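Close look at the chain arrangement
What follows is each chain in one-letter form.
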Amino acid sequence: MKETNQILAAAEKEHRKILLETEAKTICAEYGIPVTKFSLAKNEDEAVRFAEKIGFPIVLKIVSPDILHKSNVGGVAVGLKDASEVEEAYERIQKNVKKCVPKAKIVGMLVQEMAPASTEVIVGATKDPQFGPALMFGLGGIFVEVLKDVTFRIAPITEDEACEMISEVKAYPLLKGYRNTPPADINAIVRILLNTSKLVMEHQEIKELDLNPILVYEKGAKTVDARILLE
Ligand code: ADP
Ligand code: MG
């Protein structure tokens, strides 16, 4: 995988342990994990130009090797509807970040497609010192954070194991559809789990991977945030 190898080699050369969201998403895309369309803007004019190209509404996010949790520092603006909202958010994010993390190196601003709201799931991977890479699955928000409703498997996983991981969580019925919510594309989640398994098996230098959240639709799914930490 050409781009993945280039990104990982560059990070190693710089002794950098955190990949930027742009880098993590480029790797995901190369491994067949669907991600939101994105462009990296270096200034406000570029941000507006990219936003117009991708199409409104748009999401803007800070890109910095020094910031792991972007919304904690006011580094994310969602639902921007036109050029003036993009300009305004660009300045606001820069101001927030300078205030919260004055020394942060700012690479630019990520302009990305706004994924429509839907059921959120999380796919993660961590490296166990004894068993090697392990995969995690759960539903987003309170299910993972409060109820710890997650499943784990040692990688590599088979398709059957990916299906088991999904059906094992207590929140599984929510994926099968309820009241006005249509069933989620479970097969799309299976593919993401299998591709994540392949990625962490082929790149053992990945210490942690976090696709959080992934929005799942009736057809398809989209990763809106991807984090990769290296050993
Ligand atoms: P953080 O680094 O804080 O985890 P995220 O990229 O996950 O930053 O953004 C915070 C939240 O904003 C996400 O959990 C999601 O709800 C929303 N969000 C981010 N990017 C998008 C997007 N492209 N489309 C829709 N919602 C998004
Ligand atoms: Mg996130």
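Preceding this section is the structure that the text describes.
This is a predicted model, so every value here is computed, not measured.

1. Details of the pairing of strand β4 (residues 108-113)
Judged by how many residues are buried, β4 sits mostly within the fold: 6 of 6 residues are covered. Bridge count for strand β1 (residues 38-41) against β4 is 4 bridges, and the pairing is antiparallel. Counted as the bridge partner of Phe38 is Gln112 from β4. Pairing analysis gives 6 bridges linking strand β2 (residues 58-63) to β4, with the strands arranged antiparallel. Within β4, the position partnered with Ile58 by the bridge is Glu113.

2. Topic: the side chain of Glu23
Looking at the secondary structure, you find Glu23 in helix α2 (residues 21-30). For Glu23, a relative accessible area of 14% corresponds to the buried category. Polar side-chain contacts of Glu23 include one of 2.9 Å to the side chain of Arg16.

3. Focus: helix α8 (residues 186-202)
The end-to-end C-alpha distance of α8, which contains 17 residues, comes to 25 Å, matching closely the 24 Å that a straight helix rising 1.5 Å per residue would cover. Within the sequence span of α8, burial applies to Ala188, Ile189, Val190, Ile192, Leu193, Leu194, Thr196, Ser197, Leu199 and Val200.

4. Let's talk about the coordination of the magnesium ion (ligand 2)
Taken together, Asn212 (O) and Asp225 (OD) make up the full set of protein donors to the magnesium ion (ligand 2), lying 2.2 to 2.5 Å away. Note that Asn212 is positioned in strand β8 (residues 206-216) and Asp225 in the loop between β9 (221-223) and β10 (226-230), a separation of 13 residues in sequence. The exposure class assigned to Asp225 is buried, which follows from its relative accessible area of 12%.

5. As for the sheet that holds β1
Across the sheet, which stays open at both edges, the 4 strands sit in the order β1-β4-β2-β3 with antiparallel pairing between neighbours. Strands with a single pairing partner mark the edges of an open sheet, and in this sheet they are β1 and β3 (76-80). Along the sheet, successive strands turn relative to each other by an average axial angle of 20°, direction set aside. Alignment of β2 against β3, held across 3 bridges, turns out to be antiparallel. Within the sheet, the bridge partner assigned to Lys61 lies in β3 and is Val76.

6. Things to note about the site of ligand 1
Of all residues adjacent to ligand 1, which total 18 residues, the nearest are Lys61, Lys70, Ser71, Gln112 and Ala115. Separating an oxygen atom of ligand 1 from a side-chain N or O atom of Ser71 is a distance of 2.4 Å. At a separation of 2.8 Å, a nitrogen atom of ligand 1 approaches a polar backbone atom of Ala115. Isolated, ligand 1 exposes 540 Å² of accessible area, and the fraction of that covered by the protein chains is 81%. Counting only elements with at least two residues in the shell around ligand 1, the list comes to β2, β3, β4 and β8. Of the residues assigned to the shell around ligand 1, the class counts are 8 nonpolar, 5 polar and 5 charged.

Cut-off values and rules
- Residues numbered from 1 in each chain as written.
- Chains lettered and ligands numbered in written order.
- Predicted model: local features only at pLDDT ≥ 70, side-chain atom pairs only at ≥ 80, totals over all residues.
- Heavy atoms only, no water.
- Buried < 20%, exposed > 50% of the residue type's maximum accessible area, 1.4 Å probe, protein only.
- Helix = DSSP H or I, 4+ residues; strand = E, 2+ residues; numbered from the N terminus.
- Pairing = 2+ DSSP bridges.
- Polar contact = N/O pair within 3.5 Å; in protein donor to acceptor, adjacent residues only side chain to side chain.
- Expected span 1.5 Å × (residues − 1).
- Donors = N, O, S within 2.8 Å, 3.2 Å for Na, K, Ca; no water.
- Axes fitted to C-alpha atoms, helices over the stretch in contact; angles between N-to-C directions.
- Near = heavy atom within 4 Å.
- Areas by Shrake-Rupley, 256 points an atom, 1.4 Å probe, with all protein chains shown as cover.
- Nonpolar A, V, L, I, M, F, W, Y, C, P; charged D, E, K, R; others polar.

Distances and angles like these do not, on their own, reveal function.
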